[in-house]
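Chain by chain, the residues run as shown.
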Amino acid sequence: MGIKVEFNPDLALRNITEFKNGNRKIEECIPENLEVEKVYEFLKSGQRVFYLSDSEFWGNGQIPLCETNGKEELSRPLASIKILEATHFLDKGEVWTKGKYKVIEVFDENDPKINFEACKRI
């Protein structure tokens with residue numbers, strides 16, 4: 001028996017309509033209006049490990065914020081964020097990961113510019 005851990009090179013959250021329809025908590029969803037420099041809370045099921053760093057080599061710890069529909073299908077990056085903290089906890093016998101992220105830059109979804117190459121911010 002092992003410990004199930006998922007390593008995430010990005011933060012994938014649900015569309016805000018999932019919260020409005022009562023299917024998800026607000027922290028599981030992308031805010032309607034992402035603001036640069038603002039800090040938001042996130043919540044993910046399972047024990048997740050995120051990249052935390054200030055290394056210039058990897059873009060000063062910036063990772064993509066993407067939208068997911070839950071089938072490991074992700075949108076293009078919507079923003080560049082920095083995970084500030086991540087904590088694992090138990091709720092009714094289930095493992096969850098919660099934390100905070102700061103928005104560094106919001107991307108124009110109509111702009112074809114590539115903002116990340118693998119995990120590296122460009």
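Below, the structure is looked at part by part. (Residues numbered from 1 in each chain as written. Predicted model: local features only at pLDDT ≥ 70, side-chain atom pairs only at ≥ 80, totals over all residues. Heavy atoms only, no water.)

Two side chains bearing opposite charge may form a pair once their charged atoms approach each other closely. The tally for this structure, following the rule as stated, stands at four salt bridges. One salt bridge in this structure joins Glu6 and Arg48, with 3.3 Å as the shortest N-O distance. In this pair, Glu6 is assigned in strand E1 (residues 6–8) and Arg48 in strand E4 (residues 48–50), connecting sequence segments 42 residues apart. Taking the relative accessible area as the measure of exposure, Glu6 reaches 40% and is therefore partly exposed. Its relative accessible area of 12% is what places Arg48 among the buried residues. A salt bridge links Glu32 to Lys20; its shortest N-O distance comes to 3.0 Å. Of the two residues, Glu32 is situated in the loop between helix H1 (17–20) and strand E3 (39–45) and Lys20 in helix H1; the sequence distance between them amounts to 12 residues. (Salt bridge = Lys/Arg side-chain N within 4 Å of Asp/Glu carboxyl O. Helix = DSSP H or I, 4+ residues; strand = E, 2+ residues; numbered from the N terminus. Buried < 20%, exposed > 50% of the residue type's maximum accessible area, 1.4 Å probe, protein only.)

Within the secondary structure layout, Gly99 lies in strand E7 (residues 94–106). Gly99 sits 17 residues away from Lys82 along the chain, and the two C-alpha atoms are 11 Å apart. Once you skip the residues sitting within four places of it in the chain, Gly99 turns out to touch Tyr40, Glu41, Phe42, Glu85 and Ala86. (Contact = heavy atoms within 4.5 Å.)

As a further point, take unusual backbone geometry. Even without being a glycine, Glu72 presents a positive backbone phi close to 60°. Inspection of the secondary structure puts Glu72 in the loop between strand E5 (62–67) and strand E6 (79–91). One non-glycine residue, Lys92, lies in the positive phi region at around 55°. Residue Lys92 is classed as exposed on the basis of its relative accessible area, which comes to 80%.

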